[in-house]
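# Reading the structure
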Amino acid sequence: MIQNSPQRESYVTSQIDGFRLWLEEKHRAENTILVYTFAVRQFYELYEQPDPNTLQLYKCFLLEHYKPQTVNLRIRALNCYMEYQNSSIAPIAMLRMQQKTYVENVISHADYEYLKRCLMRDGNHLYYYLIRFMAATGVRVSELVRLRTEDVERGWLNLYSKGNKIRRVYIPKSLRQDALAWIDREERPPGFLFLNRFGEPVTPAAIRGQLRKFSGLYGLNTAVLHPHSFRHRFAKNFIEACGDISFLSDLLGHQSIETTRIYLHRSRAEQQVIVNQVVNW
């Protein structure tokens, strides 16, 4: 562990502040910025300066302390930081991980409808519309919290996706009509759509916490009640109803259509249901 002096702390802070500004200019999601700047600070707490040797030592440190997915995320962050610095140092090699050919822990359509009914019955309109927007648009939770009433009135919004590309998210007509009626009843002024009790935009962490609470309250499986589960639900429903995987890839903001192909495969649970229904010999 590097011993921090006031001068070094000032230097590290200025590096991270500059990196954050660079990421913001590239329209990276706030959650990505938090993760990337955390990784850079962690590196500087362990090593003096980035060079081929310290970067490899950092990779070894990550391998000893974290799961492969987290290791790759931190490596990606450091490689991005080196790009920000215009460094000539070769990028750190990522871990090779076998890609899953199916999606697990996705809320079923029946449980999604049940959750909506429970929330409406209990008068929890905030989370009723929050999960509807996730399941009907496929937005990530970090994108959802930036949704504004003006976007609902317009019927669509533009988002910066990975790779600094703009994608358009469409709000389906039925959801838009219901949400506008809710906004009107609440007499909401223009601004962020989903607010907490203090009038501030709800955070992704708060959403995750509430979903865990709903799993116990309504007897739903905790493993499938997470924000990304509703993005998966959107994708699986869309591919079954439309079948246009290229269009789905654009809607989800995937950089490669190969990432989207996972939704063509059945989950293990779905495979078992089909086998139980079909095989009777």
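These notes cover the structure that comes with them. (Residues numbered from 1 in each chain as written. Predicted model: local features only at pLDDT ≥ 70, side-chain atom pairs only at ≥ 80, totals over all residues. Heavy atoms only, no water.)

### A look at unusual backbone geometry
Note on backbone geometry: most residues besides glycine have negative phi, and most peptide bonds are trans. Positive phi is not limited to glycine here, since H27 has a value of about 60°. Assignment of secondary structure puts H27 in the loop between α1 (6-25) and α2 (30-46). Although it is not a glycine, N86 adopts a positive phi angle of roughly 55°. Following the sequence through the fold, N86 ends up in the loop between α4 (68-84) and α5 (109-121). We classify N86 as exposed; its relative accessible area is 71%. (Helix = DSSP H or I, 4+ residues; strand = E, 2+ residues; numbered from the N terminus. Buried < 20%, exposed > 50% of the residue type's maximum accessible area, 1.4 Å probe, protein only.)

### What to know about the packing of helix α6 (residues 125-137) against helix α11 (residues 227-241)
The contact between α6 and α11 brings their axes to 6 Å, and the two run at 40°. Here α6 lies oblique to α11, going by the angle between them. On the side of α6, the interface is formed by I131, M134, A135, A136 and T137, while α11 contributes P227, F230, R231 and F234. For the contact of α6 with α11, the residue count by class is 7 nonpolar, 1 polar and 1 charged. (Axes fitted to C-alpha atoms, helices over the stretch in contact; angles between N-to-C directions. Parallel < 35°, antiparallel > 145°, perpendicular 65-115°, else oblique. Contact = heavy atoms within 4.5 Å. Nonpolar A, V, L, I, M, F, W, Y, C, P; charged D, E, K, R; others polar.)

### Considering α11
Side chains three or four residues apart in an α-helix point the same way, a direct result of the helix having 3.6 residues per turn. Taking 1.5 Å per residue as the helical rise, α11 with its 15 residues ought to reach 21 Å, and the 22 Å between its terminal C-alpha atoms agrees with that figure. The buried fraction of α11 is high, at 11 of 15 residues. Among all positions of α11, only P227, S229, F230, R231, H232, R233, F234, A235, K236, F238 and I239 are buried. Just downstream of α11, G243 is the residue with a positive phi angle, here 80°. (Expected span 1.5 Å × (residues − 1).)

### Things to note about α6
If you check α6, its first and last C-alpha atoms are 18 Å apart, about what 13 residues at 1.5 Å a residue would give, namely 18 Å. Most of α6 sits inside the fold, with 10 of its 13 residues counted as buried. What α6 keeps buried is the set Y127, Y128, Y129, L130, I131, R132, F133, M134, A135 and T137. Positive phi shows up at G138, right after α6, with a value of about 80°.

### Describing the packing of aromatic side chains
Evaluation of the coordinates by the stated rule reveals 21 aromatic pairs. Judged by centre distance (6.3 Å) and plane angle (65°), the ring pair of Y112 and F230 falls under edge-to-face. Here F230 lies in helix α11 and Y112 lies in helix α5, a separation of 118 residues in the sequence. Overall, the relative accessible area of 7% leaves Y112 in the buried class. Accessibility expressed as a relative area gives 0% for F230, which makes it buried. Over the aromatic face of W156 sits the side chain of R154, whose NZ or CZ is 4.8 Å from the ring centroid. Across the ring face of W156, the terminal group of R168 is positioned such that the distance to the ring centre comes to 3.4 Å. (Phe/Tyr/Trp six-rings, centres within 6.5 Å; stacked < 30°, edge-to-face > 60°. Lys NZ or Arg CZ within 6 Å of the ring centre and 35° of its normal.)

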